[in-house]
Amino acid sequence: MNSNLKIDWIPIKKYKDILFLFWEGISKIEINRPWCHNAFRVETVNEMIDAISICSVRTDIDVLIITGSGKKSFCSGGDQTTRGPGGYFGKDGIPRLNILDFYKKIKEIPKPVIAMVNGYSIGGGHVLHVVCDLTIASENSIFGQVGPKVGSFDGGLGCSYLARHIGQKKTREMWFLCKKYTAEEALKMGLINKVVTIEKLEQETIKWCKIIQKRSPMCLRMIKRCLNAELDGQHGLMQLAGDATLMFYLMEESQEGKKAFLEKRDPNFKKFKKFL
């Protein structure tokens, strides 16, 4: 890919807290709250859930990028100014931890999701990049968990899935000590996929997207489902089985069953080859 390729992002839908953009089969969700290091509030997360739901159903979107605005922060987690007893308060005054719903959406969408980390990836923002399928980071990026410093923790994907990346000992170190790690340290521990300069970050991420776009979308879908199934218990198996059903529906053997039902006859499955 031309390293000087001009990328003209086109808005898909207008939101208050995020930018939702499209270019040549690639979508980008960008948290647009740089004044608070792209911390998310309830409304931010609701917008991201809406955007990723659109990505799921649009057939012209092949891959999704998640990032933050500016060159200092990817995401610093939950906006502590909106936090109260029971969770984060939205405009309706109801406490929520709806970021968990967004994490699930990232895991569930049958398309690759790349975290484009452009600075601080801390707390819930760190979990955000962890749950993405791939992470490309700029050299100035800083990674870490801060939950025990601010009276919070993520014992779900923020711990269990993180441990699958970097191991139990390193995960406990990250949570117990609340240390911060450079991009190079993150790369060495297997937390991220690649480190580039901040100037080349978007170009490199787009390069990876373009390579992914050349691959079989059904293969990518099934690989993601299979990798998730081992981690996500019966929910993961349900999604894998659902996609297996989708593939079977595309086969003539499945179509024979439907046709026979509509034609009020017994299906002739004997005509289909059996595979060893």
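Structure: above.
Described below are features of the structure shown in this document. (Residues numbered from 1 in each chain as written. Predicted model: local features only at pLDDT ≥ 70, side-chain atom pairs only at ≥ 80, totals over all residues. Heavy atoms only, no water.)

## Let's talk about the pairing of strand β3 (residues 26–31)
Part 1 of the reasoning: Of all six residues that make up β3, six are buried, and the element is covered over most of its length.
Part 2 of the reasoning: Where burial is concerned, the two faces of β3 agree: the one with I26, K28 and E30 and the one with S27, I29 and I31 are both buried.
Part 3 of the reasoning: For strand β2 (residues 18–23) and β3, the ladder comprises six bridges, and the chain directions are antiparallel. What sits directly across from I18, in β3, is I31.
Part 4 of the reasoning: Counting the residues in the hairpin turn of β2 and β3 gives two residues, including E24, whose phi is positive at 45°.
Part 5 of the reasoning: For β3 and strand β4 (residues 63–68), the ladder comprises six bridges, and the chain directions are parallel. Across the sheet, E30 pairs through a bridge with T67, a residue of β4.
Part 6 of the reasoning: Remark: the β3/helix α1 (residues 42–57)/β4 crossover connection has right-handed handedness. (Buried < 20%, exposed > 50% of the residue type's maximum accessible area, 1.4 Å probe, protein only. Helix = DSSP H or I, 4+ residues; strand = E, 2+ residues; numbered from the N terminus. Pairing = 2+ DSSP bridges. Right-handed = clockwise from strand over helix to strand, strands pointing away.)

## A closer look at the environment of N140
Part 1 of the reasoning: Note on placement: N140 falls in the loop between β11 (134–138) and β12 (142–144).
Part 2 of the reasoning: C-alpha separation for the pair N140 and V117, spaced 23 residues apart in sequence, amounts to 9.4 Å.
Part 3 of the reasoning: Setting aside chain neighbours within four positions, we find N140 in contact with K71, N118, G119 and I198.
Part 4 of the reasoning: A polar side-chain atom of N140 sits 2.9 Å from the main-chain carbonyl oxygen of K71.
Part 5 of the reasoning: Only 2.5 Å separates the side chain of N140 from the side chain of S138, close enough to count as a polar contact. (Contact = heavy atoms within 4.5 Å. Polar contact = N/O pair within 3.5 Å; in protein donor to acceptor, adjacent residues only side chain to side chain.)

## Observations concerning the packing of aromatic side chains
Part 1 of the reasoning: Overall, the coordinates contain one aromatic pair when judged by the stated rule.
Part 2 of the reasoning: On the numbers, 6.2 Å between centres and 50° between planes, the contact of Y15 with F20 is tilted. For the pair Y15 and F20, a shared accessibility class is recorded, and that class is buried.
Part 3 of the reasoning: Sitting over the face of the ring of Y161, K107 holds its NZ or CZ atom 4.1 Å from the ring centroid.
Part 4 of the reasoning: Against the face of W23 rests K210, its NZ or CZ located 4.8 Å from the ring centre. (Phe/Tyr/Trp six-rings, centres within 6.5 Å; stacked < 30°, edge-to-face > 60°. Lys NZ or Arg CZ within 6 Å of the ring centre and 35° of its normal.)

## Overview of the side chain of D17
Part 1 of the reasoning: Turning to its location among the elements, D17 is positioned in the loop between β1 (10–14) and β2.
Part 2 of the reasoning: A polar contact of 2.6 Å, which involves the side chain of D17, links it to the side chain of T44.
Part 3 of the reasoning: Sequence-distant contacts of D17, defined by excluding residues within four places in its chain, comprise E30, I31, N32, R33, R41, E43, T44 and E47.

## Notes on helix α2 (residues 99–108)
Part 1 of the reasoning: Among the residues of α2, I99, F102, Y103, I106 and K107 are the ones counted as buried. For α2, the angular spread of the buried residues around the axis is 145°, confining them to a single face.
Part 2 of the reasoning: Tucked into the core, α2 has its buried residues touching α1, β4, β9 (113–117), α3 (124–131), α5 (157–166) and α9 (217–231). (Arc of directions from axis to C-beta.)

## Details of the pattern of salt bridges
Part 1 of the reasoning: One pass over the full model with this rule turns up 20 salt bridges.
Part 2 of the reasoning: We note a salt bridge from K28 to E202, for which the minimum N-O separation is 2.9 Å. Separated by 174 residues along the polypeptide, K28 in strand β3 and E202 in helix α8 (residues 201–213) bring together distant segments of the chain.
Part 3 of the reasoning: Taking the relative accessible area as the measure of exposure, K28 reaches 5% and is therefore buried.
Part 4 of the reasoning: A relative accessible area of 24% means that E202 is categorised as partly exposed.
Part 5 of the reasoning: Through salt bridges that share partners, D17, R33, R41 and E43 make up one connected network. (Salt bridge = Lys/Arg side-chain N within 4 Å of Asp/Glu carboxyl O.)

Worth remembering: the numbers are spatial, not functional.
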